[in-house]
Structures are given as C-alpha cells and as structure tokens.
Amino acid sequence: MRTESRYRRRGMASALSVTLSAALISLAVDTSVAAAYGTTGSTSLQPGGVTPADTPSTPGQAEAISSSAKAKSTGSSVSVSAATTSTSTLTAHPDGSFTQTQSLQPVRVNKSGTWVPVDATLQRGTDGTIATSATPTALVFSAGGSGPLAKMTAPDGKELALSWPDPLPAPTLSGSSALYPDVLPDVDLRVTAQDQGGFTQVLVVKTPDAARNPKLATVRLSTATNGLTLTNDPAGALTAKDSSGRAVFSAPTPVMWDSSTSTVAPAKSRSLFMQSPAVSSTNDGAASGPSAGAKQADLHATAGQSGITLTPDQKLLTASDTHFPVYIDPNWIPRNTGDTTWGGIWEAHQSEPWDTAKWGDPGVGYQGWLADTGIERVFYKFDTSFYSGKTIGSATLNMLETYSASIGCEKYGINVYRSDSFGSGITWNTAPATHEQIGSASVTGTRNNDCPGNQPAIADITTAIAHAGSSLSVGVFAADEGDKNAFKRFSTNPTLTVQYNSVPNMPTLAAAVPAAQSPATPDCGVNAPFGWIGSTNVASDGIHLRATISDPDSNQQVRGQFALWDYVSGAGIISTGDANSSTPWVGNNTTVDKAVGPLEDGHTYGWNVRADDGINHSATSAGCHFQIDRTPPSQPSVSSTDYPAAGSSTAPTHAMGDGFQGQFTFAATDATSGVDHFEYAFNTSLPVGGASTVAATNGSASIRLAPTHWGTNFLDVSAVDKAGNHSQSYEYAFYVPDNLKAQAAPGDLTGDGVPDTAIVDKDGQIRFYTVGTDPALGVPVATSQAPTADETWKGATLAHRGAMHGSANVDDLFVLKSGKLYIYLNPSPANFIKAQATAVTRPSCNATITDCSTYATDWSQASQIIAAGDVDGDSAHHNDLITVEGDRLWLFPETAAGASSPLF
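Source: prediction; values computed, not measured.

**Student:** Can you help me understand the overall build of the chain in this one?
**Tutor:** Regarding its fold elements, the chain presents seven helices and 59 strands. Per-residue burial for the chain yields a buried fraction of 53% across its 904 residues. Summarising the internal contacts of the chain: among those between residues at least 6 apart in sequence, 66% fall at separations of at least 24.

**Student:** What is the right way to read the sheet that holds strand E39 (residues 590-597) from this model?
**Tutor:** Within a beta sheet, neighbouring strands are joined by backbone hydrogen bonds and run either parallel or antiparallel to one another. If you trace the three strands from one edge of the open sheet to the other, you get E34-E36-E39, paired in antiparallel fashion. Of all strands in the sheet, those with a lone pairing partner are strand E34 (508-513) and E39, marking the two edges. Averaged over all adjacent pairs, the angle separating strand axes in this sheet is 15 degrees, with direction ignored. For E34 and strand E36 (residues 543-549), the ladder comprises four bridges, and the chain directions are antiparallel. Each residue of the ladder has a partner; that of valine 513, found in E36, is histidine 544.

**Student:** Please explain the sheet that holds strand E54 (residues 820-824) as it appears in this structure.
**Tutor:** Strand order in the open sheet formed by four strands is E52-E53-E54-E56, and the pairing between neighbours is antiparallel. Looking at strand neighbours, the two that pair on one side only are strand E52 (797-799) and strand E56 (837-839), the edges of this open sheet. Looking at each pair of strands side by side, their axes are set apart by 25 degrees on average, direction ignored. Judged from the three bridges that link them, E54 and E56 form a sheet pairing that is antiparallel. Across the sheet, isoleucine 823 pairs through a bridge with threonine 838, a residue of E56.

**Student:** It is not clear to me how unusual backbone geometry should be interpreted in this structure. Could you clarify?
**Tutor:** Residues other than glycine predominantly adopt negative phi, and peptide bonds predominantly adopt the trans conformation. Residue proline 514 follows valine 513 across a cis peptide bond; omega there is 5 degrees. Tracing the sequence through the fold places proline 514 in the loop between E34 and strand E35 (532-533). The omega torsion of the bond from serine 518 to proline 519 falls at 0 degrees, within 30 degrees of zero and hence cis. Along the chain, proline 519 falls in the loop between E34 and E35.

**Student:** In this structure, what is going on with the state of the cysteines? I would like to understand it.
**Tutor:** What we call a disulfide is simply a covalent bond connecting the sulfur atoms of a pair of cysteines. This structure, assessed with the given rule, holds two disulfides. Paired through a disulfide, cysteine 845 and cysteine 852 show a sulfur-sulfur distance of 1.9 Å. Between cysteine 845 and cysteine 852, the S-S dihedral sits near -80 degrees, and the bridge is therefore left-handed.

**Student:** Honestly, the pattern of salt bridges in this entry has me stumped. Any pointers?
**Tutor:** A side chain of one charge can pair with a side chain of the opposite charge if their charged atoms are brought near each other. Counted by the stated rule, this structure contains 16 salt bridges. The closest approach of N and O atoms between aspartate 612 and arginine 559, which form a salt bridge, is 2.8 Å. Remark: arginine 559 occurs in strand E37 (residues 559-566) and aspartate 612 occurs in strand E40 (residues 604-612); sequence separation between them is 53 residues. You can call arginine 559 partly exposed: its relative accessible area is 22%.

**Student:** What's the story with the pairing of strand E47 (residues 711-721) in this structure? I'm lost.
**Tutor:** The side chains of a regular strand alternate, residue by residue, between the two faces of the sheet. Among the 11 residues that make up E47, 11 are buried, leaving the element largely enclosed by the rest of the structure. Bridge analysis of strand E44 (residues 675-682) against E47 gives seven bridges, and the strand direction is antiparallel. Opposite phenylalanine 678, over in E47, you have alanine 719 as the bridge partner. Strand direction decides the pairing type here: E47 and strand E48 (residues 730-736), joined by seven bridges, are antiparallel. Bridge assignment links asparagine 713 to a residue of E48, and that residue is phenylalanine 734.

**Student:** Looking at this structure, I do not really get the nonpolar core. What am I missing?
**Tutor:** The nonpolar side chains of a soluble globular protein tend to be buried, and buried together. Counting residues in hydrophobic clusters, the biggest one holds 46 residues, and the most contacted among them are Phe141, Trp164 and Tyr180. Not counting the four nearest positions on each side in its chain, phenylalanine 141 is found in contact with Leu122, Ile130, Leu149, Ala150, Ala178, Tyr180, Val191, Thr192, Ala193 and Phe199. Core analysis: the second largest hydrophobic core is formed by 42 residues, Trp354, Val416, Ile461 and Leu496 among them.

**Student:** What am I meant to see in the pairing of strand E41 (residues 624-628) here?
**Tutor:** Counting buried residues along E41, five of its five residues qualify, which places the element largely inside the surrounding structure. Neither face of E41 is exposed, since Cys624, Phe626 and Ile628 on one face and His625 and Gln627 on the opposite face are all buried. Relative to E41, E35 runs parallel, the two being bridged by two bridges. Opposite tryptophan 532, over in E41, you have glutamine 627 as the bridge partner.

**Student:** For this particular structure, what's the right way to read the packing of aromatic side chains?
**Tutor:** Aromatic rings in a pair are described by how distant their centres are and how their planes are angled relative to each other. All told, the structure shown has 29 aromatic pairs when counted by the stated rule. Taking the centre distance of 5.3 Å and the plane angle of 55 degrees together, the rings of tryptophan 793 and tyrosine 824 count as tilted. You can see tryptophan 793 sitting in the loop between strand E51 (783-784) and E52 and its partner tyrosine 824 sitting in strand E54, a full 31 residues away along the chain. Across the pair, exposure class does not vary: tryptophan 793 and tyrosine 824 are buried alike. Three or more aromatic residues link up through ring pairs in this structure, and these residues are Tyr643, Phe660, Phe664, Phe682, Tyr732 and Phe734.

**Student:** How should the environment of threonine 508 be read in this particular structure?
**Tutor:** Tracing the chain through its elements places threonine 508 in strand E34. As a C-alpha pair, threonine 508 and isoleucine 549 span 41 residues in sequence and 6.6 Å in three-dimensional space. With residues near it in sequence (within four places) discarded, threonine 508 still touches Ala547 and Thr548.

**Student:** Even after reading the chapter, I still don't get the environment of lysine 381, so can you show me in this structure?
**Tutor:** Tracing the sequence through the fold places lysine 381 in strand E26 (residues 374-383). Separated by 40 residues in sequence, lysine 381 and threonine 341 have C-alpha atoms that sit 5.2 Å apart. A distance of 3.1 Å separates the side chain of lysine 381 from the side chain of serine 421, its partner in a polar contact. Here the side chain of lysine 381 touches phenylalanine 422 through a polar contact of 3.4 Å, landing on its backbone oxygen.

**Student:** Looking at this structure, how should I read the environment of valine 80?
**Tutor:** Structurally, the position occupied by valine 80 is in the loop between strand E1 (78-79) and strand E2 (88-92). Measuring from C-alpha to C-alpha, the distance between valine 80 and phenylalanine 98 comes to 9.6 Å, with 18 residues separating the pair along the chain. With residues up to four places along the chain from it excluded, the contact list for valine 80 reads Glu63, Ala64, Ser67, Leu90, Thr91 and Ala92.

**Student:** Which parts of the structure should I look at to understand the confidence of the model for the chain?
**Tutor:** Where the model shows low pLDDT, its predicted coordinates should not be examined in detail. Residues at a pLDDT of 70 or more form 84% of the chain, whose mean pLDDT is 82. For the chain, helix H2 (residues 23-26) is the element with the lowest average pLDDT, namely 27, and strand E28 (residues 412-419) is the one with the highest, namely 98. Within the model, pLDDT remains below 50 along residues 1-59, and this stretch shows 220 contacts once partners closer than five positions in the same chain are excluded. Confidence drops under pLDDT 50 across residues 263-283; counting only partners more than four residues distant or on other chains, this segment forms 53 contacts.

How each quantity is defined
- Residues numbered from 1 in each chain as written.
- Predicted model: local features only at pLDDT ≥ 70, side-chain atom pairs only at ≥ 80, totals over all residues.
- Heavy atoms only, no water.
- Helix = DSSP H or I, 4+ residues; strand = E, 2+ residues; numbered from the N terminus.
- Buried < 20%, exposed > 50% of the residue type's maximum accessible area, 1.4 Å probe, protein only.
- Contact = heavy atoms within 4.5 Å.
- Pairing = 2+ DSSP bridges.
- Axes fitted to C-alpha atoms, helices over the stretch in contact; angles between N-to-C directions.
- Disulfide = S-S within 2.5 Å.
- Salt bridge = Lys/Arg side-chain N within 4 Å of Asp/Glu carboxyl O.
- Core = buried A, V, L, I, M, F, W, Y, C linked by side-chain atoms within 4.5 Å.
- Phe/Tyr/Trp six-rings, centres within 6.5 Å; stacked < 30°, edge-to-face > 60°.
- Polar contact = N/O pair within 3.5 Å; in protein donor to acceptor, adjacent residues only side chain to side chain.
- pLDDT = per-residue confidence, 0-100.

As structure tokens, then:
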C-alpha cells in the first residue's frame, strides 16, 4: 500500500519535491585540486548563473602555494579560494597538509567569476525570462505565451525542453515556484524549481467539472532535446539518455492524488510528519504531496520522438468520493551515474529504486510507524581517486539528519559499512554487498523544541579512505534495525572531509657544485672510482650540494634534507633530519642548495638527499660520492735535447731555417689525485681556459713543436691534476739561431759582427754607435719600447756584453731605469720590445759570503751597471753583472738564470 507512504510527503523539504536535473553529469566530485588551476571561467551569465567552465577565473596554483606558505608562517589555516569547485573546497594548514571537503552534489555555482550557494529562487530577467538564481543545471521557465514551459540545460550542453499544448498565461512567482492559472478551465499548473536545476510539475484540478474536461483524458507535453533520446519503461517511468546510453534526466511513474485526509499518527511518531517546510513557498500544501488518507493512482506515461503522453486515472477523477482539488503530478527525479551517486533501499518495496518524490529523504533503520513498514538503508558512493598514494591524516563522512522518529534528544547509533560499488537506481533486491564496518556515529533527534533544526552525523572513516583506491562506496545502517524509535532520514548530499598529505617525490638531478671530474660523476648511484673536486670557492662558501625537489601536491611547500659523511674519518658531517640538514621551504619543483663549506684534503665523501614537506619525507636519493684534492701538482719540469734550455752549456743543434719539430717532455708530480694533463702555450702567455693540452701518463707527457722565430722562444707549461688544480706555470726558454755557423762578437747589438755602443739620446731613444765607424755618417736608432708606461728611455742606464739566454750571436741588453733592473732579449737585432723584457729580481744577500750590512733590498741604489761577461769563471761561462752602489761594487753572477746572491 502507498497511502501511508504518500502521507509522508506533506510539508516535506525539497528532497520530497521531485527533481528534474542534469546534475547527474555535474555531480561527479572534482577531487583533483589541480583541475581548478590555470583555468579561466567565462563570465557570461547563463540561465541559473553557471559559467561554462564551472570554475573561478583566478589561476589557482600560485594561490595554493602562497596559502600553504602563509599557513606555515602564521600558524593558522588558510582557505585556498582559487581551488574551490562546485563540489569541493580546499584549506591549507600550518603543518603543510591540506583538507578537502567534497559534497556528493554541487552546493555552489560560479556566477560571473564568483562562487555563490545553490539557490533555486526564481528571478525575472530583463527580457522577461524566468530562471533560477544559481543552479548547477540551467533551468528556465516560460514567462507566458508560446514556447517551452521549462527548459533544462546540462553543463555539457545537453537539453530537454517540455511544452504545454497551449499558450501559457503569465505566471505568478513565489520563491522557487511559478503558478500558471487556468491553463484549462479551473485547472492551474504549478512548477517548482529544485536546487540542482530540476523542477516539479503539478496540475491542480479544482472542481469535478474541470476533471471532466476532455483535455484531461490525455495530456500531451511536446518535447525538444539536444543530444538526448526519451524512452519509457512498461511502468511509465521516463528516461532521457545520451548517445552512450547514460541517463541524464529521468522521472518515475507519474502519480495523481486527491485532497482526502486522515487523522494524525500517535504522539510518539508525530515528528514523522514534521519534516522540512516546503521551499516552494506555496500556500497549497497538498500540491507538495498527498496527505495521509489521500486517494492515489499511477498515471500511464509514454514517450515518443516529439513528446510525452500522460493518461490520468479517470476513476479517481470522476469518483463520487474524490475530494478536490485533485493533483496530477508528472514529476522527474535525477538518476545519478558515474563516480558519485547515492541510493536508498526499502524492505517494503524490494524491487523499486528510491524515489524522493514518493518517500522523501532516504531512511536509515526500521520504519515501523506507518504502513509499508520495513528496514531502510542508504548508500553513498564517492570518487576517491585523488587520495590514492596520499597520507590520510583524517577523513569523516558528514551526513545531515533531516528527520527522526523519536521526538526526544536521546542519541541513536548508525553504522557505516564498506560496500561494493554501485550505480543509480539500486533496489533492496539489487543492493550492493556490504563488508566490514568502517565507521559509526550517534545522533540526536531533530526538528523539535529541544533539538531544533537538522542535526549532523559524523563518522570517522580515515582507514577506509586510506585504502579506498579510485572510489569508496558505503552503506549506512541503523545500529539497531529492530528499534522503530531509532529510525532517521538523511540528506542525499553528504560531504566527505579529508585531511591529506602526499609523500614527496624522490629528489632528482642531484649534483655537487663544482661537479666532480676525472671521472665526471654528475649524478648519483655511480660506483668507484669516484670523481675529484679540487680547490674551489663557490659563492665564497665552498662546495654546494644541489637537487630538485617536488611533491605530488603541486601546491605544497617542500624543503631538502641532506646527509653528508666522511669515508676516511667515518664522521657524519650532516645527518638527515637535523636542523642543519634542511634547506629553506620552497615552492614545488625547485632546485635547493646546501653549502657544506671546505672539506678535508684527500678525503672521500658520500651524500644523499630527501624531500620533506613537514609531514612526510621522500625516500632518499641514491648515494653520491666525490673525493677532495686541494693541493696543486708540483711545478712541471720541461726538457728537450732538440732545443736545449737557454743558458745551458749545450749549443743549439737546429736553426730557424730547419723548420725542425723538436720534442719537449713535461713532468710533474701530484700525490693525491695524480696529474691528469698539462696545459701549454708557445711564445705567448698561458691563457686562463682554452690553452693547448696534452694528457699525462704517470705524470709525464711529450709534444713536438717547431720554433716560430729565430732568437729566444718560450714554452709556458702548467700541470693540472684530476681535481682540476693548476700548478705554478714554468717558462722554458730556448734560443734558436738564424744560422748555426754565425759567430758572435761580444758587444754586437746589431748582428753585423762588430761591437756597438748603445746610448740614450736627448729624445729618449736608443742609438747605436758601431766601433770603427764615423758617427757623422749616421747613427742607427733602435726599434725599442721603454719598460715604463711613458714609452721613453730617458734616465735609463744601459749595459750589454753577450747573450743572457743561449748561444746568441748578438748581445742582450741590461736596462736600469727608475730603480728597477731589466734584461731585454734581442732575438731580432736592435729590436727591444716589452714582450722580450724580464724584470730581474734583487737577490737576497748571503752573509756567509760577503758583508751584507750596506746591501739594499732593491736596485734603487745602483748608479751604474756593467755587463762584464764571465767574471767568476763558472763552468757554464754565464755572463755576470756588476753594479756601482755608493762606494761599493756588487757582483751578481749567472744573470742568465736570474741574479744570484752577490759575491762582493
């Protein structure tokens, strides 16, 4: 029987009004916070106020990151407004976690870039159109005249429009209802919008004469669809399906009832009839549903390509005991499909899906107060794919109790069980299987003086969410299914509140700066031999360890935590998790840097890194390794039998004209990492970077070079070890004669075999006076550059006798100027340029050889210099230098290799 069950419709909340809604396709909970990032919603207002993108226009990721940072710095939770969707909100917490609250059905819509609560209140537009204020499915009612009575547009653009056979009068609006008077004589049409964008439709037949109108024998509503096909089942239930067969809009078998009433139930169950006031604000309460004792009948409904045909029950319309008005109610309700849905089952109606139009909100427990008694249960299905792989701090299922059989405030328990997945339209016979209990709650009575309003019921289901996978389906049962006083009803739109955190990703691109070399090991996980890092100073604080860190929660702040240990001493330099190991908090996918300062020479180090978000940390990266060598190689030695060093006793064996490539051998030592290669430059300064190189084998290497000019040539060489350390460079000079048979004449500066005298003239230039020639015939001027910036030789004292480097056939030149002594090599006769100048360092005085009491530390006391040739008679016949300083003479032997300690 349905009389008693219909009785419960009177005065019920919007859940009892039959809803026609496209919410079935918009109810899928958008649990992915990233879905709100980087999107820009349209600001053009559609009926119902929904923007096409259904997302706010503010980019979300930057705000989420800043919100997390603000929560950490202030110690207070911060709402991430840009992550708000129609079904979810996001909050950042000081500990780095986030809480997402998701509703099973939309609770807000985006109007012109601003989120507003769902609101089915009707408003007239400037063009006269009547539309809901803010509903997920756009809903428009007729303002009168021809055209659709109602048109619903789902967020994906699919439409269903229903039209009355005749032009409609202008309606009267009241809240969410529109009343079209006298659509037939003494027959009104009332439509009421629902919060998801659907509507109820009731024909109010006021008199017996109106009931006999032939137009009520069959009522035909024309339809227009976009992307949908209308069908009906044998019982008259209607469904609008898309091309995939998914139900978008549906309606149960239409019902009609009269205005008959009966006495109220006993006081104990009185609250059964005191449910939510109708949101339609109608004065005709019976239009919201049949009262207790009302006569009821089903209507036959069929769907064709262009319309729906309803056939009212003529017996109810014409019976002598029928009480008018009579209500004809072709109602529609949503049939949810997809990732989120709900379903109610009733033992008394085992083959029927739950119908809020008939029975109101789904019940939990034993309904034993009215006819059609039996156990009722409710099932909810949530999309939980977003939480897969995350650490769940807490999770609650939050249900709203809208009715309780008990009028007291005593609490009754409900249990939550994990169930198999399900779709819409489940029945007692097809209900999903339930498994272990995953939560429970106790809730008081509701809607009475002591416990007013709806009451929350909150069940902790943390463990279930942590293991849910892509979705979680639950069944909610009364703890005692035999106690009719414990019977309750719950809203069809519960929420799931989850505090979560994602385990950070393992860091990537781990590397030391400067990078290890020989062999190069730019990343981790390599085996010995490990690369070397040399003497360096990065950003003034030594070696840096770096890695890129990230978190699956793209709005999460993260930091790096490093560990560093010494293999030689066994000491842990940095330990993971210590305060010293952590870098500052940074945004997601950022490279972090840890300066570790200078490390011990010759030691081997290992290190790794993990990412931390304040709650969880990632696995550590594979171990990285490097060795330290801060000691440069020894200054290299250079030897050549083909081109002996200048100043040696070995005479040149090759002249410039030979074009001979001589062999030069380099040698150096490095006790730590070993010599890797040599850098060299020929007749030019050794550049910083870009020098010529030759690999070393056991600290030695050989090259072959041909001189570039006759006279003195230079080979500048530096040793480089495997850590990149450079030795002090060594300059190897060797003399190459133009002609091996040429004979040198002491005192000859010009290469003509005749001694010369060099003086500085009044213009500051060097002039040559050849012995045995008349000066009046002309005195050659030297091509020369002074050793000072003024490019003049004024004030310079000159001396020469013999070559200072090698067996040259011309003299090199001593120059004393401004208290400094230079040797100018003379590779091209009479061509003295700065490139051939070498400053002679003043040697220290050896007190065991001579009296050093008046010895000056520089050349400023010298008033005269004499190039005396070989004075001390050394075996190599090196040329020596004599200076006059005050009243003393000082002899400096072996000036070819730099002045030695004076002898007297």
